[in-house]
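Remarks on the overall topology
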Amino acid sequence: MPGPVQVIAIASGKGGVGKTQTAINLACALAARGRRVLLLDASFALPNIDVALGLTPSCTLHDVLAGRCNLADALVSGPGGVQVIAGASAAGALLEPSVQQLGGLIRAFDELPQAPDVLLVDCAPGAGSAVLSLLQAASEVLLVVNDEPAALSDALALMRRLNQRHGMTRFRLLASMTFAQQAGEALHERLLRLSEPLAGLSLDYVGAIPFDDSLRRAVQRQRPLLEVFPRSRASQAYAAVAEKVDGWPLPANPRG
C-alpha cells in the first residue's frame with residue numbers, strides 16, 4: 001500500500017441496532033467528502049449489504065476465501081463511488097472462517113490495484129472468533145448501540161473480552177435510533193460507568209443517529225439514506241459523524 005489506510009471495524013454486541021445501515025451511510029458520507037472508500041461485508045453467516053444496496057455481485061467474499069477468485073475480482077461499484085465487497089449468499093455463507101482464511105484475507109488487501117483511503121468492515125454482531133480477529137486488526141473500532149438493555153450489556157461484554165483477553169483499550173461509540181441528542185450522550189455516560197473496572201479503557205463518543213422514518217423508507221428502496229433523503233435528520237447526523245471520522249489520525253503501524 002502506498003500509504004496508511006484508515007481501517008474502521010463497525011461492531012455491535014447484538015443485531016438490530018442499525019450497524020449495517022451505519023456502515024453503508026458512513027461509507028457514502030465519507031465518499032461524498034472525497035475519500036476512496038471500500039466497504040467490506042464481514043458478516044460471514046448472514047451477509048446483507050448486497051441486498052441492502054440492490055447489488056448482484058458475480059464474486060463474493062465467500063468465493064475469495066474459497067480461492068475461486070481474487071479480492072480485486074470481488075470489487076463492485078456501489079452508490080456514490082463506494083467500492084463494495086459483498087458477503088456470500090445465504091445458501092453459501094460461511095458460519096466461521098478459519099484463522100488461515102482470515103489471515104489470507106487481511107494479506108490480500110495489499111494486492112489491490114489501488115488502496116482505499118478508508119476501509120469500513122461491517123462485522124457480524126456478537127463476539128465470535130472472526131469478529132474478534134477483525135476488531136484486533138482494525139485501526140479503529142466503532143461500536144453501535146441503542147437504548148435496549150441487551151444492546152448495552154452485549155456491547156459491554158464485547159469491550160470487556162477485547163480488553164481483558166487481547167489488551168485493547170480504545171473504542172468509539174455511536175448511539176443509534178435515539179429520540180434526542182441527550183439520549184445518545186446518556187448512553188455514552190452509562191457505558192462509561194459500566195466500563196470503569198476495565199484497565200485503561202477509553203470510550204470516545206462519536207455522536208447519535210436519530211430515529212428517522214426516512215431510514216425505513218430508504219431500506220425498502222434498497223438505497224442509502226444519504227442518496228434518497230439527503231436532507232433528513234438521520235442523513236445530516238451521518239454527515240456530521242463522517243466529518244469527525246475524517247479527522248481521526250491515521251495509523252502509524254499495523255496492529256492485531
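See the structure above.
Below, the structure is looked at part by part. Here the structure is a predicted model, which is why all the values come from computation and not from measurement.

As a further point, take the side chain of T178. By the element assignment, T178 lies in strand β7 (residues 170–178). Contact partners of T178, with chain neighbours within four places excluded, come to A183, G184, A208, I209, P210 and F211.

Bringing the pattern of salt bridges into the picture now. Under the defined criterion, the tally for this structure stands at 12 salt bridges. D204 serves as the salt-bridge partner of R172, at 3.3 Å between the closest nitrogen and oxygen. Residue R172 is located in strand β7, and its partner D204 is located in strand β8 (residues 202–210); the two are separated by 32 residues in the primary sequence. Its relative accessible area of 9% is what places R172 among the buried residues. R217 is paired through a salt bridge with D213; the nearest N and O atoms lie 3.7 Å apart. In this pair, R217 and D213 both sit in helix α8 (residues 213–221), four residues apart, roughly one turn of the helix. The exposure class of D213 is partly exposed, given its relative accessible area of 36%.

Right, let's get into the state of the cysteines. Per the counting criterion, the structure on display carries one disulfide. C59 shares a disulfide with C69; S-S distance 1.8 Å. In this pair, C59 is assigned in the loop between α2 (49–52) and α3 (61–65) and C69 in the loop between α3 and β3 (75–77), connecting sequence segments 10 residues apart. Classification of C59 as buried rests on a relative accessible area of 6%. Owing to a relative accessible area of 14%, C69 belongs among the buried residues under this scheme. Counting only cysteine sulfurs, C28 is the nearest neighbor of C123, a cysteine outside any disulfide, at a range of 18 Å.

For the rest of this paragraph, the subject is the nonpolar core. Counting 50 residues, the largest nonpolar core has F109, L135 and F171 as its most contacted members. In terms of residue count, helix α6 (residues 149–166) provides more of this core than any other element does, six residues in total. Core analysis: the next-biggest nonpolar cluster, separate from the first, contains 40 residues, I209, A237, Y238 and V245 among them.

Contact pair helix α5 (residues 129–137) / α6: the axes reach a minimum separation of 12 Å and the direction vectors enclose 70 degrees. It follows that α5 is roughly perpendicular to α6 by the angle criterion. α6 is crossed by α5, and the crossing has right-handed handedness. From α5, L132, L135 and Q136 reach across to α6, where they touch L158, R161, L162 and H166.

Cut-off values and rules
- Residues numbered from 1 in each chain as written.
- Predicted model: local features only at pLDDT ≥ 70, side-chain atom pairs only at ≥ 80, totals over all residues.
- Heavy atoms only, no water.
- Helix = DSSP H or I, 4+ residues; strand = E, 2+ residues; numbered from the N terminus.
- Contact = heavy atoms within 4.5 Å.
- Salt bridge = Lys/Arg side-chain N within 4 Å of Asp/Glu carboxyl O.
- Buried < 20%, exposed > 50% of the residue type's maximum accessible area, 1.4 Å probe, protein only.
- Disulfide = S-S within 2.5 Å.
- Core = buried A, V, L, I, M, F, W, Y, C linked by side-chain atoms within 4.5 Å.
- Axes fitted to C-alpha atoms, helices over the stretch in contact; angles between N-to-C directions.
- Parallel < 35°, antiparallel > 145°, perpendicular 65-115°, else oblique.
- Left-handed = near helix turned anticlockwise from the far one by under 90°.

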